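Coordinates in review
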Amino acid sequence: MTVYQATASAPVNIACIKYWGKRDTKLILPTNSSLSVTLDQDHLRSTTTSRADPSFKKDRLWLNGEEEEIKEGGRLATCIKEMRGLRRQLEDQDASLPKISGYPVHISSRNNFPTAAGLASSASGFAALVASLAALYQLPTDASRLSLIARQGSGSACRSLFGGFVAWQMGEKADGSDSYAVQVAPREHWPDIHALICVVSDDKKGTSSTSGMQRTVETSTLLQHRIKHVVPERMQKISEAILARDFDTFARITMQDSNQFHAVALDTDPPIFYMNDVSRAIIALIVEYNRVAVANGGKLKAAYTYDAGPNAVIYAPKENIKEIVELIVKYFPQADAFKDPFGLFGTQGVKGRVVEGFNEAVAKPFSVGAVKGLIHTRVGDGPRTLGAEEALLAEDGLPKKL
């Protein structure tokens, strides 16, 4: 008997121009456009296996081995229904295709990083779900078309359907048909962009993004200024900077937009605090690191950005990452050895230090554990279809015990 199954992985993306606020909460239509960098799946990814089988009783989904309810009319159910609909269209056009759109599906998904810890697990998760169903249903894969569906699971998921540098165009239509992701430039255009993620907390967030952003839309006057006047210009300028491989402009806009996003969170009533003392100390270190570079006649060497949580993501050209790791480790000693996927430090490991001319008084050193871990990654590719050996479902259609 034929087994109808497919496995795909999808990447994490970290926004430089932040998505914060919906104009339609059901369709997940944003109040502004956004732009992100897709990170390398060799380091951070969600992997999902989908199987359609007439013997299954109903649609079921497991995340990291735990079954999740697929609520009627909820985000998971919406994505599955939309993907089924695309398969049904193919079956209606071609009578020779097996009618698998009518079969229930079992879906197993795993992240190789902590879920809901401020790393965008919902983005990679819903992108992997859609990519795996697209492979299962053998849909002609237009990533922008698929991004319309992923967006209805998690807004930022639409950006994880592309590699490289990706814009989510907010669109204007009430039905959301023009609110989708497009690639600004592929990974190969600017492969030199690396990222250092400082994992400040791997606990669940106090205020979820979903509830936080709607409170902002309802109460923040600063958000209205941001939507109308700030974001449109920044989207254009950062896109031009990416195409020109102009890191100085890219860095300046990325940091400004992170700052404004957190200002908008603070302007919400009651205020939302996503950053903590560790987050703010990392900002102070990067600001001083850049000050030294500019004082020496150079340009900005690093850019910090924070999503809805305390974790820092530091973007920089590859050549600067070694200095940045040394800087972070000097102020935030690590319990575990730095995982060095690009071999920057050889066998001797990381020694904390600052660059010459650095004012060490800009932050106080923290104790071990304030930054729980460092992840060095880089700009990466879009979803990958994987082989049967990477499947997460066993022969019986239940999750494999890993």
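Overview of the structure. For every chain, the first residue of the written sequence is number 1, and numbering continues from 1 along that sequence. Per-residue local features are limited, in this predicted model, to residues with pLDDT of at least 70; the limit for side-chain atom pairs, both in listing and counting, is 80 or more; totals at the level of whole chains, interfaces and linings are taken over all residues. Side-chain measures were taken over the full set of non-hydrogen atoms in the model, leaving aside hydrogen atoms and water.

**Digging into the packing of aromatic side chains**
Which entries qualify depends on this criterion: Working definition: a ring pair exists when centres of Phe, Tyr or Trp rings (six-membered ring for Trp) sit within 6.5 Å. Plane angles under 30 degrees give stacked, over 60 give edge-to-face, the rest tilted. Working definition: helices are DSSP H or I runs of at least four residues, strands are E runs of at least two. Numbering for both runs from the N terminus. Whether a residue is buried, partly exposed or exposed follows from its accessible area with a 1.4 Å probe, protein chains only, as a fraction of its type maximum: under 20%, in between, or over 50%, in that order. Placement of a charge over a ring requires the Lys NZ or Arg CZ to be within 6 Å of the ring centre, with the centre-to-atom vector within 35 degrees of the ring normal.
Within this structure, the stated rule accounts for 13 aromatic pairs. Centre to centre, the rings of F261 and Y274 are 6.4 Å apart; their planes meet at 25°, and the pair counts as stacked. Pair noted here: F261 is in helix α6 (residues 247–266) and Y274 is in the loop between α6 and α7 (277–295), with a separation of 13 residues, a long-range link. Side by side, F261 and Y274 carry an identical accessibility label, which is buried. Ring-pair connections join several aromatic residues into one group, and the members of that group are F165, W190, F247, F250 and Y315. For the cation-ring pair, K364 lies above F366, with the distance from its terminal atom to the ring centre recorded as 3.9 Å.

**Section: the nonpolar core**
This is how the line gets drawn: Nonpolar core, defined: a set of buried Ala, Val, Leu, Ile, Met, Phe, Trp, Tyr and Cys residues in which side-chain atoms within 4.5 Å join the residues together. Contacts are residue-level and defined by heavy atoms, with any inter-residue pair within 4.5 Å sufficient.
Grouped together as the largest cluster of nonpolar side chains are 69 residues, with contacts concentrated most on F250, I282, Y315, I328 and F332. The biggest single contributor to this core is α7, with 8 residues. The residues touching I328, leaving out its near neighbours within four places in the chain, are L196, C198, I282, L285, I314 and L374. If you look at the next biggest cluster of nonpolar residues, it comprises 28 residues, including A128, L129, L146 and A157.

**Section: the sheet that holds strand β2 (residues 13–17)**
Rules: Here, a strand pair is defined by DSSP locating no fewer than two bridges between the strands. What counts as an axis is a line fitted to C-alpha atoms, over the stretch in contact for a helix, and the angles between N-to-C directions run from 0 to 180 degrees.
One open sheet accounts for 4 strands, arranged β2-β5-β10-β11; its pairing is antiparallel. Edge positions in the open sheet fall to β2 and β11 (180–185), since each of these has one partner strand only. Direction aside, neighbouring strands of the sheet carry axes that sit 35° apart on average. Across the sheet, α6 lies against β2 and β5 (34–38), angled at about 95° from β2, the strand it touches most.

**Focus: the environment of V325**
The residue V325 is located in helix α8 (residues 318–331) in this model. Classification of V325 by relative accessible area gives buried; the value is 0%. In sequence terms V325 and L374 are 49 residues apart; their C-alpha atoms lie 8.3 Å from each other. In this view, V325 contacts L196, F338, F345, V350 and L374; residues no more than four positions away in its chain are not counted.

**A closer look at the packing of helix α5 (residues 221–243) against α6**
In helix packing, the relevant descriptors are the interaxial angle and the interaxial distance, both defined with respect to the helix axes. We apply this condition: Angle categories: roughly parallel below 35 degrees, roughly antiparallel above 145, roughly perpendicular from 65 to 115, and oblique for all the rest. Left-handed describes a crossing in which the near helix is turned anticlockwise from the far one by less than a right angle; the clockwise case is right-handed.
Contact geometry of α5 with α6 gives a least axis separation of 10 Å together with a crossing angle of 160°. As judged from the angle between their axes, α5 and α6 are roughly antiparallel. When you trace α5 past α6, the crossing you get is left-handed. The segment α5 lies against α6, with L222, L223, R226, V230, R234, K237, I238, A241 and I242 engaging T249, F250, I253, T254, Q256, D257, Q260, A263 and V264.

**With respect to the sheet that holds strand β1 (residues 4–11)**
What the 6 strands build is an open sheet, ordered β8-β7-β9-β6-β1-β16; its pairing is mixed. Whereas interior strands pair on both sides, the edge strands pair on one side only; in this sheet they are β8 (66–68) and β16 (384–386). Going from strand to strand, the sheet's axes swing by 25° on average, the running direction of each strand aside. Across 8 bridges, the pairing between β1 and strand β6 (residues 45–52) is antiparallel. Each residue of the ladder has a partner; that of A6, found in β6, is S50.

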